[in-house]
Amino acid sequence: GRVRSLPHDLAQVVASVSVLGSPTDVVVVSNMLGLPVGEIDARADELEKRGLLRRDGASALSLPSPLLSEVVFGDLEPDELAEVHRQAAHAYQRAIADGVESDGSRAAYHLVEAGEHQAAAEAYAASGLSHLKAGRFERAVGELSQALSLVNLHTHELEPMAEWIAGLSRGIRHAPASREIALLLRRIAQHYSVRPRLDDLHASLLVVLASSLAELEDYPQATELLERVAGDASLNSSSVRAALITLAQVSIQRGEFGVAVSALSRAESLGEGDYIEQHHRLLTQAHALAGTGQRDSADAAWQRAEGLTAELDVAARAESIRTRARILGLYGDWTGSADVSAEAAEVARAAGLGHEFALNLNQQGVALLRANQLPRAYAVLKNALGVAEELGSERLITKTQLLLADLDRLRGADQPR
């Protein structure tokens, strides 16, 4: 009753904060109502006295109860609600342009609620790519997948789609991805793989899709996409080279080291890409050569990759160390592998790469298990499980639980701990 009996000028502010979400900056409310910030502040002061609004810090406004939003929404017809969401989205977009607001996902949410799915997809993608650039991989994965779920695959331009999927692929390497994201990527892959003829843009899209699917352990579909690109003589050499490097990575994950060496040999004959691609190729080459027993060549390739990490970000550094740990495992040096995995875990932890931290702890636990250091393995894997549960990474949780169950059996426990 208190909200419905408010004067119109005060009800406007309550309605705006209800739609915009709590907390929201007073500037965003100003943008939505088209009024000066000073006027919004004066109305907010009056509403605060009445217990219908509260201040969060110097410039943010919040409702004291979510029930107030329900009252506001209950008074609106569907077309009116869509319009206020549209106004909210535009208010957030203006605030982002002015540097007042940085979270583009809030504008995207309101565009979805307004029924403007194409604009919402673009807003989610822009926000996701911004998070990716800043190394906030979990946010990037969430928002880029939201963008991709909203687009019409039949009508949307391919070039931005390729950029979004490439960003999502990179994010998935450093952050957990849900089953829904795996299903989304499979649907997109099926849509684009039915084309009878590929051009280079479609080929690059299939390569990044395959890379994402491989990270999600869908190796058969990833391999099918990559073999199609790698075998297409009409494509640019850079497209084929990217497919071959990714095919080698997938082959290693399947334990097919000889196939990986062959793919990389062919990729190397097609020239060199940028530092990121060179780094991936050399790390993959080192891993593949170690798997085929070519130790000196493997060590040389890893050293060349390590020489490029100064040009790249901390995630590349963590990946380089983790690959070294895997190589030491292939040499049978499980104690060394555990020590290097611990180093990689610390690099990832210090950089805030939670998923990478959990992966390296998991790898350290496996190495300690193989080195028969069972108490240490158990402690490390329990830590890895805690991190994986905090991240919500279903795949890592399952893997780590299975390893802990194996440890329990080795230790002669009657029941899993």
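Heads up: the structure comes first, above all this text.
Below, the structure is looked at part by part. (Residues numbered from 1 in each chain as written. Predicted model: local features only at pLDDT ≥ 70, side-chain atom pairs only at ≥ 80, totals over all residues. Heavy atoms only, no water.)

1. A few points about the nonpolar core
Line of reasoning, step 1. Judged by nonpolar contacts, the single largest core of 92 residues is most densely connected at Trp164 and Leu209.
Line of reasoning, step 2. For this core, the element with the highest residue contribution is helix H20 (residues 374–391), accounting for 10 residues.
Line of reasoning, step 3. Setting aside its immediate chain neighbours within four residues, Trp164 contacts Ala121, Glu122, Ala125, Leu129, Leu144, Ala147, Leu148, Val151 and His156.
Line of reasoning, step 4. Leu10, Val13, Ile40 and Ala95 belong to the second largest nonpolar core, which has 26 residues in total. (Core = buried A, V, L, I, M, F, W, Y, C linked by side-chain atoms within 4.5 Å. Buried < 20%, exposed > 50% of the residue type's maximum accessible area, 1.4 Å probe, protein only. Helix = DSSP H or I, 4+ residues; strand = E, 2+ residues; numbered from the N terminus. Contact = heavy atoms within 4.5 Å.)

2. Observations concerning the side chain of His202
Line of reasoning, step 1. Here His202 shows up in helix H11 (residues 200–215).
Line of reasoning, step 2. Looking at His202, its side chain comes within polar contact range of the side chain of Arg195, at 3.2 Å. (Polar contact = N/O pair within 3.5 Å; in protein donor to acceptor, adjacent residues only side chain to side chain.)

3. A few points about the packing of aromatic side chains
Line of reasoning, step 1. Counted by the stated rule, this structure contains 0 aromatic pairs.
Line of reasoning, step 2. When the ring centre of Tyr331 is taken as reference, the NZ or CZ atom of Arg295 above it lies at 4.1 Å.
Line of reasoning, step 3. One cation-aromatic arrangement involves Arg324 over Trp302; the distance from NZ or CZ to the ring centre is 5.3 Å. (Phe/Tyr/Trp six-rings, centres within 6.5 Å; stacked < 30°, edge-to-face > 60°. Lys NZ or Arg CZ within 6 Å of the ring centre and 35° of its normal.)

4. Focus on a negative patch on the surface
Line of reasoning, step 1. A grouping of Glu122, Glu157, Glu159 and Glu163 is seen on the molecular surface, where their side chains present a negatively charged patch.
Line of reasoning, step 2. Assignment of secondary structure puts Glu163 in helix H9 (residues 158–172).
Line of reasoning, step 3. You can call Glu163 partly exposed: its relative accessible area is 48%. (Patch = residues over 30% accessible without salt bridge, like charges linked within 9 Å, V, L, I, M, F, W, Y side chains within 5 Å. Areas by Shrake-Rupley, 256 points an atom, 1.4 Å probe, with all protein chains shown as cover. Salt bridge = Lys/Arg side-chain N within 4 Å of Asp/Glu carboxyl O. Lys, Arg positive; Asp, Glu negative; His and termini not counted. Charge placed at Lys NZ, Arg CZ, Asp CG, Glu CD.)

5. Regarding helix H19 (residues 354–370)
Line of reasoning, step 1. When the terminal C-alpha atoms of H19 are compared, their 25 Å separation across 17 residues agrees well with the 24 Å that a helix rising 1.5 Å per residue should span.
Line of reasoning, step 2. With respect to burial, H19 is a largely interior element, 14 of its 17 residues being buried. (Expected span 1.5 Å × (residues − 1).)

6. With respect to the packing of helix H13 (residues 237–253) against helix H15 (residues 275–291)
Line of reasoning, step 1. In the contact formed by H13 and H15, the axes pass within 10 Å of each other and the chain directions differ by 35 degrees. When you trace H13 past H15, the crossing you get is left-handed. Facing H13, whose interface residues are Arg241, Ala242, Ile245, Ala248, Gln249 and Ile252, H15 presents Glu277, His280, Arg281, Thr284, His287 and Ala288.
Line of reasoning, step 2. Each residue belonging to the contact of H13 with H15 can be placed in one class, and the counts come to 5 nonpolar, 4 polar and 3 charged. (Axes fitted to C-alpha atoms, helices over the stretch in contact; angles between N-to-C directions. Left-handed = near helix turned anticlockwise from the far one by under 90°. Nonpolar A, V, L, I, M, F, W, Y, C, P; charged D, E, K, R; others polar.)

7. Focus on the sheet that holds strand S2 (residues 54–56)
Line of reasoning, step 1. The strand order across the open sheet built from 3 strands is S1-S3-S2, with neighbouring strands paired in antiparallel fashion. The sheet is open, and its two borders are formed by strand S1 (24–25) and S2, each paired with just one other strand.
Line of reasoning, step 2. Relative to strand S3 (residues 60–62), S2 is paired through 3 bridges, and the arrangement is antiparallel. Looking across to S3, one finds that Arg54 is bridged to Ser62. (Pairing = 2+ DSSP bridges.)

8. Quick look at the packing of helix H16 (residues 295–306) against helix H17 (residues 314–330)
Line of reasoning, step 1. Packing of H16 against H17 leaves a shortest axis separation of 10 Å and a crossing angle of 170 degrees. Relative to H17, H16 is oriented roughly antiparallel. For the pair H16 and H17, the sense of crossing is left-handed. Contacts between H16 and H17 involve Asp299, Trp302 and Glu306 from the former and Arg317, Ser320, Arg324 and Ile327 from the latter.
Line of reasoning, step 2. Its residues assigned to classes, the contact of H16 with H17 comprises 2 nonpolar, 1 polar and 4 charged. (Parallel < 35°, antiparallel > 145°, perpendicular 65-115°, else oblique.)

9. Focus: helix H12 (residues 219–230)
Line of reasoning, step 1. Here H12 contains 12 residues, and its C-alpha end-to-end distance of 16 Å stays within 8% of the 16 Å for a straight helix at 1.5 Å per residue.
Line of reasoning, step 2. Inspection of H12 places Tyr219, Gln221, Ala222, Thr223, Leu225, Leu226, Val229 and Ala230 among the buried residues, and these make up the whole buried set.
Line of reasoning, step 3. At its buried positions, H12 is contacted by helix H10 (179–193), H11, H13 and helix H14 (257–268).
Line of reasoning, step 4. For H12, the side-chain oxygen to backbone nitrogen distance between the N-cap and Gln221 is 3.4 Å, and the N-cap itself is Asp218.

10. Some thoughts on the pattern of salt bridges
Line of reasoning, step 1. Scanning the entire structure with this criterion turns up 22 salt bridges.
Line of reasoning, step 2. Between Asp56 and Arg54 there is a salt bridge, and its shortest N-O distance comes to 3.5 Å.
Line of reasoning, step 3. A relative accessible area of 28% places Asp56 in the partly exposed class.
Line of reasoning, step 4. Look at the salt bridges and you will find they share partners, linking Asp41, Asp45, Glu48 and Arg55 into a network.

11. Overview of unusual backbone geometry
Apart from glycine, the bulk of residues carry a negative phi angle, and the bulk of peptide bonds sit in the trans form.
Line of reasoning, step 1. Note that the residue after Ser22, namely Pro23, is joined by a cis bond; omega there is -10 degrees.
Line of reasoning, step 2. Along the chain, the position of Pro23 falls in the loop between helix H1 (8–20) and S1.
Line of reasoning, step 3. Its identity as a non-glycine residue notwithstanding, Glu217 has a phi of 70 degrees, on the positive side.
Line of reasoning, step 4. Here Glu217 lies in the loop between H11 and H12.

In short, geometric facts, not functional conclusions.
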